[in-house]
Amino acid sequence: MKKQYLTFIFCLVLIIGCATSPTGRRQLMIVSEETAISASKQAYVEMLKPYEQEGKVDNDPALKDRVYRITERLIAQAIRMRPETEKWDWSIKIIDDPKTVNAWAMAGGKMALYSGLVIQLKTTDDELAQVLGHEIAHALANHSAEKMSVAMATTVGVVAVGVATDRRGLALTGAALAAALAVQRPNSRAAESEADRIGIELAAKAGYDPRAAITLWQKMAQVGGKGPPEFFSTHPSPENREKKLAGYVPEMMPYYEQKGDRPIYRL
Ligand SMILES: [Zn+2]
């Protein structure tokens, strides 16, 4: 009887818990996007707090200016792709941490970029637009809610949530804690492919060279020293990443070469 009951619950979760991503992939979704967005808002504040207390957020005016200018053009394109995201409280913060090559995005367009990514990869604006476009794509495709769902659906996830509370001392519980943990969990390779495909399009439409997607990932693979960049632990390389990106370039060039002003979303 108990086993049947569990099977019934499991099926119910599968039925109500599946959604379809923008590229048609099935996603496990037991956390609604709305919940993910409000939980992420709370988690974002808590996660940035320690850096803010040390004066390490947006503290380089030139870098801030550069990153904001690119992000504002990308968000405008994201809104064209998914108009309801205009009401999101979009945000990007630059964390002064030259040793860390990383960037992340939470539900609702809450993003962070570590200065190490710009410094160590010596990124051009076109390459930076590919990173940021990729992060925006994760938010647009609701990958954060997907990762939160996976964390909350597994016993391991529930245990991890409990442990993380003690270890990290984050003043977060429940869904907000799951949102904080979600940015540290690896995306699936399918989610990575999706973010690559959407990201290169957002960047091209915002006026950034799609060929920079290839050089970006080449640089990412070469940088290291002590080990692979943090970025790879949360953004695993899908199969044939560079080859796939190169394959998108011909389709993206007309967007990139389009004349005229590009819209801007003011941050
Ligand atoms: Zn990614």
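Residues numbered from 1 in each chain as written. Predicted model: local features only at pLDDT ≥ 70, side-chain atom pairs only at ≥ 80, totals over all residues.

Below, the discussion takes up the overall build of the chain. Check the secondary structure of the chain and you find twelve helices and five strands. Residues counted as buried form 40% of the 267 residues belonging to the chain. Nonlocal contacts in the chain, meaning residues at least 24 apart in sequence, comprise 76% of its contacts between residues at least 6 apart. (Helix = DSSP H or I, 4+ residues; strand = E, 2+ residues; numbered from the N terminus. Buried ≥ 20, exposed ≤ 12 C-beta atoms within 10 Å, placed from the backbone. Contact = placed C-beta atoms within 7 Å.)

The next thing to look at is the nonpolar core. Formed by 68 residues in total, the largest nonpolar core has its most connected members in Ala43, Leu74, Leu113, Ile136, Ala179 and Ala180. In this structure Ala43 touches Met106, Leu172, Ala176, Ala179 and Ala180, once residues within four positions along its chain are discounted. (Core = buried A, V, L, I, M, F, W, Y, C linked by C-beta atoms within 7 Å.)

What follows deals with unusual backbone geometry. Positive phi, close to 65°, is recorded for Asn142, a residue that is not glycine. Mapped onto the fold, Asn142 is located in the loop between α5 (125-140) and α6 (143-153). According to the C-beta neighbour criterion, Asn142 is buried, with 24 such atoms within 10 Å. The residue Asn240 is not glycine, and still its phi comes out positive at about 55°. In this fold, Asn240 is placed in the loop between α11 (230-234) and α12 (241-257).

Here the focus is the sheet that holds strand β5 (residues 110-114). Pairing in this open sheet of three strands is mixed, and the strands run β3-β5-β4 from one edge to the other. Two strands bound the open sheet, and with one partner strand each, they are β3 (91-95) and β4 (103-106). Adjacent strand axes in the sheet meet at a mean angle of 15° when their direction is disregarded. Sheet topology note: the β4/β5 ladder contains four bridges and is antiparallel. Among the inter-strand pairings, Trp104 is bridged to a residue of β5, identified as Ala112. Sheet contacts for helix α3 (residues 61-81): β3 and β5; angle to β3, the most-contacted strand, approximately 150°. This element, α5, spans β4 and β5 of the sheet and lies at about 25° to β4. (Pairing = 2+ DSSP bridges. Axes fitted to C-alpha atoms, helices over the stretch in contact; angles between N-to-C directions.)

With that settled, the discussion passes to the environment of Val249. Inspection of the secondary structure assignment puts Val249 in helix α12. For Val249, a count of 16 C-beta atoms within 10 Å translates into the label partly exposed. The sequence separation of Val249 and Ala213 amounts to 36 residues, and the corresponding C-alpha distance is 9.0 Å. For Val249, the contacting residues outside a window of four places in its chain are Pro210 and Arg211.

Attention shifts here to the pairing of β5. Taking burial as the measure, the five residues of β5 include five buried ones, the bulk of the element. Taking every second residue as pointing to the same face, both faces of β5 are buried, with Lys110, Ala112 and Tyr114 on one and Met111 and Leu113 on the other. Summarising the sheet, β3 and β5 pair through five bridges and their orientation is parallel. The residue bridging Lys93 from the neighbouring strand is Ala112, located in β5. If you look at the hairpin formed by β4 and β5, you'll find three residues sitting between the two strands, and Gly108 has a positive phi there, around 80°.

Secondary-structure assignment places Arg189 in helix α9 (residues 189-205). Beyond its immediate sequence surroundings of up to four residues, Arg189 is in contact with Pro236 and Pro238.

To continue, consider helix α8 (residues 174-182). Burial analysis of α8 places eight of its nine residues in the buried class, which makes it a mostly covered element. Every buried residue of α8 is listed here: Ala175, Ala176, Leu177, Ala178, Ala179, Ala180, Leu181 and Ala182.

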